[in-house]
Amino acid sequence: MGLLENTISGRKRRNSHAHVVAELGSAIVSGLIPEGSLLPNDAELSLRFGVSRTVLRETMKTLAAKRLVEAKAKVGTRVLDKSSWNFFDPDVLGWRCEAGLDPEFIEHLAEIRLALEPAAAAAAARHASSEDIVALYAIAAKFDNPAHTAESIAKIDLEFHLAVASISGNPFMRSASGLIEAALAISFKLSSPASAPATIAEIAANHLRIVHAIAARDEAAAVKAMRHVIEVGKDRIKSAVL
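Rules of the game
- Residues numbered from 1 in each chain as written.
- Predicted model: local features only at pLDDT ≥ 70, side-chain atom pairs only at ≥ 80, totals over all residues.
- Heavy atoms only, no water.
- Pairing = 2+ DSSP bridges.
- Helix = DSSP H or I, 4+ residues; strand = E, 2+ residues; numbered from the N terminus.
- Expected span 1.5 Å × (residues − 1).
- Buried < 20%, exposed > 50% of the residue type's maximum accessible area, 1.4 Å probe, protein only.
- Arc of directions from axis to C-beta.
- Contact = heavy atoms within 4.5 Å.
- Phe/Tyr/Trp six-rings, centres within 6.5 Å; stacked < 30°, edge-to-face > 60°.
- Lys NZ or Arg CZ within 6 Å of the ring centre and 35° of its normal.

Q: How should the pairing of strand β1 (residues 69-72) be read in this particular structure?
A: Look at any regular strand and the pattern is simple: side chains alternate between the two faces of the sheet. Alignment of β1 against strand β2 (residues 76-79), held across four bridges, turns out to be antiparallel. Within β2, the residue paired with K72 across the bridge is G76. A loop of three residues connects β1 with β2, the two strands running antiparallel in sequence, and K74 in this loop sits at a positive phi of about 65°.

Structure below.
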């Protein structure tokens, strides 16, 4: 289950490993466990979470893969500096969103989307097949429904942007889906475009403009239309935060 779906449903993963990863990861990203500090030893963590040392070892491997911690012999497991954290990881992004939103974080998220998604739209204009374009038009058509809820429009928004990333043919674009999900999860929580019929119509028109550009093989227009969608979303979210 992705970040957006978790945000919509409110469901959490429940197995022991996922629970401990989420508890420690969230505490690290929120600053409750400070950068540079040592985590408690295995015995203390086993008692705190009621899990085996095997579960703890797997937990530490997971957190290390996300570049949140680093284990050293005779020293212990230390929390790494924020500069080392993997913000492309969906869990790290999710914990960052849960820790609280601020204009700087929203700006940074928009900046990386602006660096990637317009390029994906341009690549889609080069590589899209006739079937791809038909499918993209079908997704875009789903936006134009005044009865949308925040949940339904967020899911369509994610489907659309992931489709463009996939059609681009660049696997790195598709791998950045966590960034798109994070932005849409924030929008869902703070300022959904489903709040007014006029806003839904605007969103529908903006996304349709992307498809028109891709269908016309107009890379420059695809870049411009995608940038506009991202910037409008960023401004809406920042207005809700300020």
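Q: Quick question: what am I supposed to make of helix α7 (residues 130-141) here?
A: An α-helical segment advances 3.6 residues per turn. Residues three or four places apart therefore align on the same side. Helix length check: α7, at 12 residues, gives a terminal C-alpha distance of 17 Å against a target of 16 Å (1.5 Å per residue), a fit within 8%. Inspection of α7 places I133, L136, I139 and A140 among the buried residues, and these make up the whole buried set. Projection of α7 onto a plane perpendicular to its axis shows the buried side chains occupying an angular sector of 120°, all on one side. In α7, the exposed residues that point more than 90 degrees away from the buried face are S130, E131, V134 and A141. On its buried face, α7 is in contact with α8 (150-167) and α11 (197-215).

Q: What should I look at first to understand the packing of aromatic side chains in this one?
A: Aromatic ring pairs: the centre-centre distance and the angle between the two ring planes describe each pair. Using the criterion set out here, one finds two aromatic pairs in the structure. Arranged with centres 6.1 Å apart and planes meeting at 50°, the rings of W85 and F87 form a pair that is tilted. Between the NZ or CZ atom of R96 and the centre of the ring of F105, over which it lies, the distance is 4.2 Å.

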